[in-house]
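Structural overview for review
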Amino acid sequence: MNQRLRSIEWVGDKVKMIDQTKLPLKLEFIETDDYLVIADAIKKLKIRGAPAIGIAAGFGIYLGVKNFQGDDKEKFKNLFENVCEVFAQTRPTAVNLFWAIDRMKKTFYSNIKLGTDELKKKLLEEALAIQNDDIQMCKTIGLNGSKLIPDEANILTHCNTGWLATGDYGTALGIIYTAFEQGKKVRVYVDETRPLLQGARLTTWELMQRGIETILITDNMSAYLMKLGKIDCVIVGADRIALNGDTANKIGTYNLAIISKFHNIPFYVAAPTSSIDFNIKTGDEIPIEERGSEEIVEIMGKRIAPEGVKTFSPAFDVTPNELITAIITEVGVIYPPFEENLQKIKESIKSRD
Ligand code: MRU
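Now for a look at the structure at hand. It should be emphasised that the depicted structure is a prediction, and the values quoted were computed from it without experimental measurement. (Residues numbered from 1 in each chain as written. Predicted model: local features only at pLDDT ≥ 70, side-chain atom pairs only at ≥ 80, totals over all residues. Heavy atoms only, no water.)

**So, the site of the ligand**
We apply this condition: We call a residue near a molecule or strand whenever a single non-hydrogen atom of that residue lies within 4 Å of it. Residues adjacent in sequence count toward polar contacts only when both atoms are side-chain atoms; beyond that, a polar contact is any pair of N or O atoms within 3.5 Å, and within protein one must be able to donate a hydrogen and the other to accept it. Working definition of accessibility: Shrake-Rupley area with a 1.4 Å probe, residue cover restricted to the visible protein chains. Numbering goes from the N terminus for both helices and strands, where a helix is a DSSP run of H or I of at least four residues and a strand is a run of E of at least two. Throughout, the ten residues Ala, Val, Leu, Ile, Met, Phe, Trp, Tyr, Cys and Pro are labelled nonpolar, Asp, Glu, Lys and Arg are labelled charged, and all others, Gly among them, are labelled polar.
Taken together, 18 residues form the shell around the ligand, and within it Arg48, Arg91, Asp239, Asn249 and Lys250 come nearest. Within the side chain of Arg48, one N or O atom sits 2.5 Å away from an oxygen atom of the ligand. Taking Lys250, its side chain carries an N or O atom lying 2.8 Å from an oxygen atom of the ligand. With the chains in place, 99% of the 420 Å² that the ligand exposes on its own is no longer accessible. Of all the elements in the fold, those that place two or more residues in the shell around the ligand are α2 (50–66) and β9 (247–250). The residue inventory of the shell around the ligand, partitioned by class, reads seven nonpolar, seven polar and four charged.

**Side note on the pairing of strand β14 (residues 326–329)**
What counts is decided by this rule: Think of it in three bands: with a 1.4 Å probe and only protein chains considered, a residue is buried below 20% of the maximum accessible area for its type, exposed above 50%, and partly exposed in between. Whether two strands pair comes down to DSSP finding at least two bridges between them.
Burial of the side chains of β14 extends over both faces: Ala326 and Ile328 are buried on one face and Ile327 and Thr329 on the other. Looking at chain direction, strand β10 (residues 267–270) and β14 are connected through three bridges and run parallel. When the bridges of β14 are listed, Tyr268 appears paired with Ala326. Here β14 runs beside strand β15 (residues 332–334); their pairing, made up of three bridges, is antiparallel. Residue Thr329 lies in a different strand from β15, and its bridge partner there is Gly332. Counted along the chain from β14 to the antiparallel partner β15, the turn is two residues long.

**Some words on the sheet that holds β10**
Quick reminder of the rule: Here an angle of 0 to 180 degrees is reported between the N-to-C directions of two axes, which are lines fitted to C-alpha atoms, with helices fitted over the stretch in contact. By definition in these notes, contact holds between two residues if any of their heavy atoms fall within 4.5 Å.
The seven strands lie next to each other as β6-β5-β4-β7-β10-β14-β15, forming an open sheet whose pairing is mixed. The open sheet is flanked by β6 (213–217) and β15, the only strands paired with a single partner. Across this sheet, the average inter-strand angle for adjacent strands is 25°, counted without regard to direction. Along the sheet face, helix α7 (residues 198–209) touches β4 (152–157), β5 (185–191) and β6 and points at about 165° away from the line of β5.

In structure tokens, the structure reads:
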């Protein structure tokens with residue numbers, strides 16, 4: 001299998017994305033220059049994972065204004081704002097999406113004096129920079145996090161945080177790849193991750209392509225595995241981290257954090273600083289996406305529950321900071337007290353901007 005595949009790429013004047021809803025049974029691509037197709041792909045999880053969503057939005061915003069003709073700045077600005085809003089409405093939880101939209105807006109307004117063609121060029125450059133920055137951040141997260149992995153390690157992970165979910169490499173999975181490349185003997189237990197099975201469909205697929213020992217389990221098996229002494233650490237990704245370290249990630253992450261604490265197993269969150277929402281103090285402020293009932297009453301399109309059953313389908317939960325051993329970022333490994341240490345990161349990033 002070609003390891004140089006990427007979840008999303010800029011090819012000529014189009015976006016090329018893997019349709020992740022078809023994996024692992026079919027490797028199909030979506031090629032488009034229509035921003036509405038990209039927004040729809042984000043909503044339907046054809047492209048997914050917090051960093052990849054941000055990258056898709058960057059390219060989508062450029063494509064949404066690319067065909068604007070003329071020099072009427074007011075009209076151009078209105079179109080740009082409308083396209084940004086379309087992307088802001090796709091999925092609410094992953095802050096990387098809003099981080100990317102903000103970067104596109106900063107680029108737009110700081111170059112507003114340019115002619116529309118030059119301004120469009122700047123937007124494309126920024127979208128490409130968002131992807132490149134994510135790739136660099138993931139590489140460094142891999143190196144920073146691999147130091148925490150023992151020479152022989154049984155690792156449990158949830159959802160999909162690999163190259164499919166990012167510009168490349170991945171976050172939690174990026175750490176596992178790096179440790180493996182360093183010669184460490186890693187065995188990975190993968191939660192299937194109901195309802196949409198990102199673990200069973202995507203994470204196993206990624207890991208097995210790399211020749212990493214992969215063991216698929218259902219979401220309700222992890223406490224028993226911990227009790228049996230089969231897990232040395234848990235590594236998960238993040239969709240949004242509050243200033244106090246509370247972390248939103250795929251539904252089921254909170255359960256894992258609680259049982260890790262009970263069994264005295266390190267629980268690591270791996271994420272780029274683009275996943276930190278420096279504007280919110282605690283996880284209570286994180287908007288949690290709710291998905292349609294069909295994702296619960298069906299598995300891969302096949303009905304499994306009685307007609308008319310009521311459902312509740314939050315896509316994410318929030319793990320309280322006291323259950324997190326460390327947050328692994330590209331600027332280093334952050335330990336508690338998170339409030340204090342994330343504040344320092346906020347200040348260093350502000351002074352860099
Ligand atoms: O609903 P999804 O598949 O987009 O959720 C993805 C996750 O929860 C990931 O753990 C998170 O986005 C981090 S991806 C590096």
